[in-house]
Amino acid sequence: MASSATATRIVQKVSSTRTFARIAPHVIPVMDRAVHRLTRGKVLLSARMLPGVILTARGAKSGLPRRTPLACMPEEERDGWLLIGSNFGRPGHPNWTANLLAHPDVEINWRGKDVPVTARLLAGEERAEAWAAALRFWPPYAAYQARIDREIRLFRLERR
């Protein structure tokens, strides 16, 4: 049986591929939403690879609530979270990032608890430091960034 470190390296290698980037956005969020709903917020399947939240934000254009399962990087020293708008290394920013730019006061479900937070787009030195931490946390983000021309958006979520 593979060790946890070996399993993580295998998952990182697979998640860095273009095939994963094509398939995952259509499969992972659907599975996450279903399992999250069935377990009343206790389980996110993708959190077996990376910590995850369910983001509830108002749509940038519609204003309607949008629920999006996302991987996150907990920032325990800040009592917050980092969201990485990688879109699996596909062109175009993910829609949820536009929602955060338009309506930064949002809610996340973290480990089964609803938490009101404010999202802030990172820039400059603060973004550079957060990006370096994100790459240490999940190295495949480097492969995602290398495949695209846009700069991946990073958001810091702070409790309200």
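Now for a look at the structure at hand. These numbers come from a predicted model, not from an experiment.

Rules used in this analysis
Residues numbered from 1 in each chain as written. Predicted model: local features only at pLDDT ≥ 70, side-chain atom pairs only at ≥ 80, totals over all residues. Heavy atoms only, no water. Helix = DSSP H or I, 4+ residues; strand = E, 2+ residues; numbered from the N terminus. Contact = heavy atoms within 4.5 Å. Core = buried A, V, L, I, M, F, W, Y, C linked by side-chain atoms within 4.5 Å. Buried < 20%, exposed > 50% of the residue type's maximum accessible area, 1.4 Å probe, protein only. Pairing = 2+ DSSP bridges. Polar contact = N/O pair within 3.5 Å; in protein donor to acceptor, adjacent residues only side chain to side chain. Arc of directions from axis to C-beta. Axes fitted to C-alpha atoms, helices over the stretch in contact; angles between N-to-C directions. Parallel < 35°, antiparallel > 145°, perpendicular 65-115°, else oblique. Nonpolar A, V, L, I, M, F, W, Y, C, P; charged D, E, K, R; others polar.

1. Re the overall build of the protein chain
Line of reasoning, step 1. Of regular secondary structure, the protein chain possesses 5 helices and 7 strands.
Line of reasoning, step 2. From first element to last, N terminus to C terminus, the protein chain shows the α and β order α-α-β-β-β-β-α-β-β-α-α-β.
Line of reasoning, step 3. In the protein chain, the proportion of contacts linking residues at least 24 apart, taken out of those at least 6 apart, comes to 64%.

2. Describing the nonpolar core
Line of reasoning, step 1. Ranked by size, the top nonpolar core spans 17 residues in total, and within it Leu55, Trp81, Leu83, Leu100 and Ile108 carry the most contacts.
Line of reasoning, step 2. Elements that contribute at least two residues to this core include exactly strand E1 (52–58), strand E4 (80–85), helix H3 (95–102), strand E5 (105–110), strand E6 (113–121) and strand E7 (153–159).
Line of reasoning, step 3. Once residues within four sequence positions are removed from consideration, Ile108 is found in contact with Val53, Ile54, Leu55, Trp81, Lys113, Asp114, Val115, Val117 and Leu157.
Line of reasoning, step 4. The next biggest cluster of nonpolar side chains, apart from the first, holds 15 residues, and it includes Trp138, Tyr144, Ile152 and Leu154.

3. Comments concerning the pairing of E7
Line of reasoning, step 1. Sheet topology note: the E4/E7 ladder contains 6 bridges and is antiparallel. Counted as the bridge partner of Leu82 is Arg156 from E7.
Line of reasoning, step 2. Where E6 and E7 come together, 5 bridges link them in antiparallel fashion. What sits directly across from Arg120, in E7, is Arg156.

4. As for the side chain of His103
Line of reasoning, step 1. Among the structural elements, His103 can be located in the loop between H3 and E5.
Line of reasoning, step 2. Look at His103 and you get buried, because its relative accessible area is 15%.
Line of reasoning, step 3. One polar contact links the side chain of His103 to the main-chain carbonyl oxygen of Gly59, over a distance of 3.4 Å.
Line of reasoning, step 4. Ignoring anything within four residues of it in the chain, the contact list for His103 reads Arg58, Gly59 and Ala60.

5. Side note on H3
Line of reasoning, step 1. For H3, the set of buried residues is Trp96, Thr97, Asn99 and Leu100. Buried residues of H3, seen end-on, are gathered within an arc of 155 degrees and therefore sit on one face of the element.
Line of reasoning, step 2. Next to the buried residues of H3 lie E1, strand E2 (65–71), E4, E5, E6 and E7.

6. Some details on the packing of helix H4 (residues 124–137) against helix H5 (residues 140–147)
Line of reasoning, step 1. Remark: H4 packs on H5, axes separated minimally by 7 Å, with the N-to-C direction vectors making an angle of 120 degrees. Taken together, the axis directions place H4 and H5 in an arrangement best described as oblique. Where H4 abuts H5, its residues Arg127, Trp131, Ala134 and Leu135 lie against Tyr141, Ala142 and Gln145.
Line of reasoning, step 2. Of the residues in the contact of H4 with H5, the class split is 5 nonpolar, 1 polar and 1 charged.

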